[in-house]
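Take a look at the letters that make up each chain.
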Amino acid sequence: MEVMRLVILSRQPALYSTRVLVEAALARGHQADVLDTLQFDIQVSKRNPELFYQGQPVGHVDAVIPRIGASITFFGLAVVRQFEMLGVYCVNESQAIARSRDKLRCLQILSRHDIGMPPTVYTRQAEHVPSCIERVDGPPVVVKLLEGTQGIGVVLAESTPAAASVIEAFHGLEQNILIQKFIRESNGSDIRAVVVGRRVVAAMRRQAVAGEFRSNIHRGGKSKKIRLPADYRKTAQAAARVLGLRVAGVDMIESKDGPMVMEVNSSPGLEGIQKTTGVDVAEAIIEHIERELRPPAHRAAPASV
Ligand SMILES: Nc1ncnc2c1ncn2[C@@H]1O[C@H](COP(=O)(O)OP(=O)(O)OP(=O)(O)O)[C@@H](O)[C@H]1O
Ligand SMILES: [Mg+2]
């Protein structure tokens, strides 16, 4: 394998996920630059897309690993897209990141495929709420902010009036919400499977603290390495494939009807999964890039003209 110049798009070089990616790249003999997504200038003119970093042409790049935070999605996606315009291999493409970034769009796309998910309704109409709750077998129901993370904005509403008042409050704050069937039998746990290429490389179960239904580590949840049953592995792989993600963190809940995908993350955090499972996910990502960029052995070299 020839030495590659890898660019990790990240605003936080000191972050665990960024550091292990750099370490894995260097360990395999590559060059790895952590470039701050917001320091790029995107320039376009006739037949000539260009990209400048801190005012200088970005130069030759073999592959890009985007780690785009939610707060800079718009510009971050534009930078990834510009690398694509320049013909640079991006581990996750801008379109795929955009699909997963929006929880509604993500579940809409997955819903055309044989991929389990909790029945979910999106509504903007307060007067539709009681019938929406019934259609997802509630109450109780889970009400979620479309933009929430770390379990913030995820509420278990025990009754229809309780759900209605939570939804009214969220709508009053101009927040989009979803109403989701409460999967009681998951018992406050969920599964995170990390997909690299077409394979699940690591999986863990997160368990909420007693009396809490949200398993987020930020809410005190504990994680444990697991061996993923085949149906969960297939669901995670299918979700990543349908969204076009080559690196993905697929969050699934265990229901009596099998795996249900709650969410798919295009920049899964590496610290929790690596420390819990002992799997070097960063190395798997670098190896995946090597495989993708290696010229296929069976194809003859293009004839020179
Ligand atoms: N429909 C549901 N039924 C039962 N438990 C649920 C359901 N939805 C979510 N939970 C629990 O609540 C936790 C948080 O929900 P979710 O992952 O949807 O939001 P979040 O973690 O705030 O968002 P993000 O994953 O985008 O950071 C889940 O990990 C799961 O343990
Ligand atoms: Mg979550």
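See the structure shown above.
Residues numbered from 1 in each chain as written. Chains lettered and ligands numbered in written order. Predicted model: local features only at pLDDT ≥ 70, side-chain atom pairs only at ≥ 80, totals over all residues. Heavy atoms only, no water.

Participant: In this structure, what is going on with the sheet that holds strand β14 (residues 222-225)? I would like to understand it.
Facilitator: Across the sheet, which stays open at both edges, the five strands sit in the order β14-β13-β12-β15-β16 with antiparallel pairing between neighbours. A strand with exactly one partner marks an edge of an open sheet, and here the two such strands are β14 and β16 (258-265). Ignoring strand direction, the axes of neighbouring strands in this sheet form an average angle of 30°. With six bridges connecting them, strand β12 (residues 189-196) and strand β15 (residues 247-255) associate as antiparallel partners. Bridging from a neighbouring strand, V194 pairs with G249 of β15. Along the sheet, helix α9 (residues 281-293) contacts β12, β13 (199-207) and β15; its crossing angle with β12, the most-contacted strand, is approximately 30°. (Pairing = 2+ DSSP bridges. Helix = DSSP H or I, 4+ residues; strand = E, 2+ residues; numbered from the N terminus. Axes fitted to C-alpha atoms, helices over the stretch in contact; angles between N-to-C directions. Contact = heavy atoms within 4.5 Å.)

Participant: Help me understand the side chain of T277 in this model?
Facilitator: Summarising the element assignment, T277 is placed in helix α8 (residues 271-277). Only 2.6 Å separates the side chain of T277 from the backbone oxygen of I273, close enough to count as a polar contact. When neighbours within four sequence positions are excluded, T277 is seen to be in contact with A202, A203, M204 and K225. (Polar contact = N/O pair within 3.5 Å; in protein donor to acceptor, adjacent residues only side chain to side chain.)

Participant: Looking at this structure, I do not really get the environment of T73. What am I missing?
Facilitator: Residue position: T73 is located in helix α2 (residues 73-85). Judged by relative accessible area, which is 17%, T73 ranks as buried. Not counting the four nearest positions on each side in its chain, T73 is found in contact with I68 and R101. Of note is the side chain of T73, whose polar atom sits 2.9 Å from the backbone oxygen of A70. (Buried < 20%, exposed > 50% of the residue type's maximum accessible area, 1.4 Å probe, protein only.)

Participant: Looking at this model, I keep getting lost on the pattern of salt bridges. Mind explaining?
Facilitator: A side chain with one charge can pair with a side chain of the opposite charge if their charged atoms come near. A complete count under the given rule lists 12 salt bridges for this structure. D33 is paired through a salt bridge with R5; the nearest N and O atoms lie 2.8 Å apart. Remark: R5 occurs in strand β1 (residues 5-9) and D33 occurs in strand β2 (residues 31-35); sequence separation between them is 28 residues. In this pair, the class of D33 matches that of R5, namely buried. The partner of K181 in a salt bridge is D137, and the shortest N-O contact between them spans 2.9 Å. Remark: D137 occurs in the loop between α5 (129-135) and β9 (141-145) and K181 occurs in strand β11 (residues 177-181); sequence separation between them is 44 residues. What makes K181 buried here is its relative accessible area of 19%. Here the salt bridges share partners, and the residues they tie into one network are D190, R192, R206 and D251. (Salt bridge = Lys/Arg side-chain N within 4 Å of Asp/Glu carboxyl O.)

Participant: Looking at this model, I keep getting lost on the sheet that holds strand β4 (residues 48-53). Mind explaining?
Facilitator: What holds strands together in a sheet is hydrogen bonding between their backbones, with the strands either parallel or antiparallel. Taking strand neighbours across the sheet as the criterion, the three strands line up as β3-β4-β5 in an open arrangement whose pairing is antiparallel. The open sheet terminates on both sides in strands that have one partner only, identified here as β3 (40-45) and β5 (56-57). Against the sheet, α2 contacts β3 and β4, and its axis sits at roughly 55° relative to β3.

Participant: I keep staring at the site of ligand 1 and nothing clicks. Help me out?
Facilitator: Lining the immediate surroundings of ligand 1 are 22 residues, of which K144, G151, K181, N216 and E263 lie closest. K103 places a polar side-chain atom, nitrogen or oxygen, 3.4 Å from an oxygen atom of ligand 1. Here an oxygen atom of ligand 1 and a side-chain polar atom of D190 are 2.8 Å apart. Protein chains bury 93% of the 610 Å² of accessible surface belonging to ligand 1 in isolation. Of the residues assigned to the shell around ligand 1, the class counts are eight nonpolar, eight polar and six charged. (Near = heavy atom within 4 Å. Areas by Shrake-Rupley, 256 points an atom, 1.4 Å probe, with all protein chains shown as cover. Nonpolar A, V, L, I, M, F, W, Y, C, P; charged D, E, K, R; others polar.)

Participant: How should the pairing of β2 be read in this particular structure?
Facilitator: The two faces of a sheet get side chains in turn, since along a regular strand they alternate between them. In terms of strand pairing, β1 meets β2 through five bridges, oriented parallel. Opposite V7, over in β2, you have D33 as the bridge partner. The handedness of the β1 to β2 crossover, carried by helix α1 (residues 16-27), is right-handed. (Right-handed = clockwise from strand over helix to strand, strands pointing away.)

Participant: What should I look at first to understand the environment of R206 in this one?
Facilitator: With respect to the helices and strands, R206 occurs in strand β13. By relative accessible area, which is 12% here, R206 ends up buried. For R206 and V261, which are 55 residues apart along the polypeptide, the C-alpha to C-alpha distance reads 15 Å. Residues within four places of R206 in sequence aside, it is in contact with G188, S189, D190, R192, S215, I217, K222, S223 and D251. Here the side chain of R206 touches D251 through a polar contact of 3.1 Å, side chain to side chain.

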